[in-house]
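# Report on the structure
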Amino acid sequence: MRKIVFLDRATLAPQIRLRKPGFPHELVEHAQTTPDQVLERLASAEIAIVNKVQLTADLLERLPQLKLIAVAATGTDCVDKEYCRTHGIAVSNIRGYAINTVPEHTFALMLALRRNIVPFRQDVLDGEWQKSGQFCFFNHPIHDLQGARLGIIGEGVLGQRVADIARAFGMVPLFAAHKGKSGLGPLYTPWDVVLETSDIITLHSPLTPETRGMIAMPEFRQMKRRPLIINTARGGLVVEEDLVSALDEGLIGGAGFDVTLPEPPPADSPLMRIAGRPNVIVTPHLGWASDEAQQALADQLIDNIENFVAGSPSNLVMGAY
């Protein structure tokens, strides 16, 4: 009988079904777990499921019976992987489940901002349609996606999928060369050219020491076409205070952000201060969270656990075993 403990089940929507693993087990689910509760809750667990709960070396060294940490997400920053590598704890993650949901959310933000859906909706609620006295009114500009230049920062599966959708809209996708690097091949457009010529810039990069703060005031000042900035990747890629300044100075046309740093953001954070502006949309990190994607994640999570117990582990994180 293997004990499995899910420390933060509430990070998946309640309608998502977590199937029972096909081996004798006890599964204990906690909606949320605070740092001071981790040790007690994992005291007799052989398998831990986590999404955002931090599992540090200090905690892990007091859990010698732990054999697998199944992360219910792609990112594994919540786990001290070096400790796991040197102490024989396997770490698995989820891959490939968000190939539709994140790009669709990217385009939802893009379309809403290009067509000013949010301010037009507010105008309708405020009675502006009736005041106009005609069949439509033009309080805000409307722009097509057709023909727009889309700068894509991040050329992985999500960036590639965004490019595919962009081409279907008749856009011109440009994959930005990595900042400060050249000679990366024909897929890439030079970093400076992407900043200077894009009508929309969308981020699909991981957050690493190299990418942290890669869009800041110097980059905003290079943006000649007042682009929209879309971030469905990671908070921290864009310097939020500089984003506010860029909006205030008219260097960019608007911003659609699904991610912040930290999450949730403080009420007085830069993004929260501008969230009510008509050319800004902030959503609570739900680009990944369509029901279809969450169910695929949950199914893959149990697959990883079953495969580990069967002796054929899947989706092991590099260096974790």
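Residues numbered from 1 in each chain as written. Predicted model: local features only at pLDDT ≥ 70, side-chain atom pairs only at ≥ 80, totals over all residues. Heavy atoms only, no water.

In the annotation of an unreviewed UniProt entry, the entry for the protein chain reads Glycerate dehydrogenase, and the organism field reads Azospirillum humicireducens. Quoted straight from UniProt, the Sequence similarities (unreviewed entry) entry for the protein chain says "Belongs to the D-isomer specific 2-hydroxyacid dehydrogenase family." (UniProt positions renumbered as here; feature names shortened; annotations may be inferred.)

## As for the domain arrangement of the protein chain
Considered domain by domain, the protein chain is made up of domain 1 (2-97 + 291-318) and domain 2 (100-282). Averaged C-alpha coordinates put domain 1 and domain 2 at centres separated by 33 Å. (Domains from an automatic or database assignment.)

## Points about the UniProt feature "domain: D-isomer specific 2-hydroxyacid dehydrogenase NAD-binding" (unreviewed entry) in the protein chain
Under the present numbering, the feature "domain: D-isomer specific 2-hydroxyacid dehydrogenase NAD-binding" (unreviewed entry) in UniProt falls on residues 107-287. As annotated, residues 107-287 has a helix share of 33% and a strand share of 15%, and its two end C-alpha atoms lie 10 Å apart. (Helix = DSSP H or I, 4+ residues; strand = E, 2+ residues; numbered from the N terminus.)

## Notes on the pattern of salt bridges
Enumeration according to the criterion identifies 13 salt bridges in this entry. Glutamate 249 is paired through a salt bridge with arginine 221; the nearest N and O atoms lie 3.0 Å apart. Residue glutamate 249 is located in the loop between helix H10 (240-248) and strand S11 (254-257), and its partner arginine 221 is located in the loop between helix H9 (217-220) and strand S10 (228-231); the two are separated by 28 residues in the primary sequence. Judged by its relative accessible area of 45%, glutamate 249 falls in the partly exposed class. A relative accessible area of 48% means that arginine 221 is categorised as partly exposed. (Salt bridge = Lys/Arg side-chain N within 4 Å of Asp/Glu carboxyl O. Buried < 20%, exposed > 50% of the residue type's maximum accessible area, 1.4 Å probe, protein only.)

## Quick notes on the side chain of threonine 33
Mapped onto the fold, threonine 33 is located in the loop between strand S2 (25-29) and helix H1 (38-41). In terms of polar contacts, threonine 33 uses its side chain to reach the backbone carbonyl oxygen of leucine 7, at 2.6 Å. There is a polar contact of 2.8 Å between the side chain of threonine 33 and the side chain of arginine 41. Once residues within four sequence positions are removed from consideration, threonine 33 is found in contact with Leu7, Val38, Arg41 and Val53. (Polar contact = N/O pair within 3.5 Å; in protein donor to acceptor, adjacent residues only side chain to side chain. Contact = heavy atoms within 4.5 Å.)

## Here's the deal with the sheet that holds strand S1 (residues 2-6)
Spatial ordering of the open sheet is given by S2-S1-S3-S4-S5, a layout of five strands whose pairing is parallel. Across the chains shown, the open sheet's two edge strands, defined by having one partner strand only, are S2 and strand S5 (90-92). Along the sheet, successive strands turn relative to each other by an average axial angle of 15°, direction set aside. With three bridges joining them, strand S4 (residues 68-71) and S5 adopt parallel strand pairing. By the bridge assignment for S5, alanine 70 is matched with serine 92. The sheet strands contacting helix H12 (residues 291-309) are S1, strand S3 (47-50), S4 and S5, and the helix crosses S4 at an angle near 160°. (Pairing = 2+ DSSP bridges. Axes fitted to C-alpha atoms, helices over the stretch in contact; angles between N-to-C directions.)

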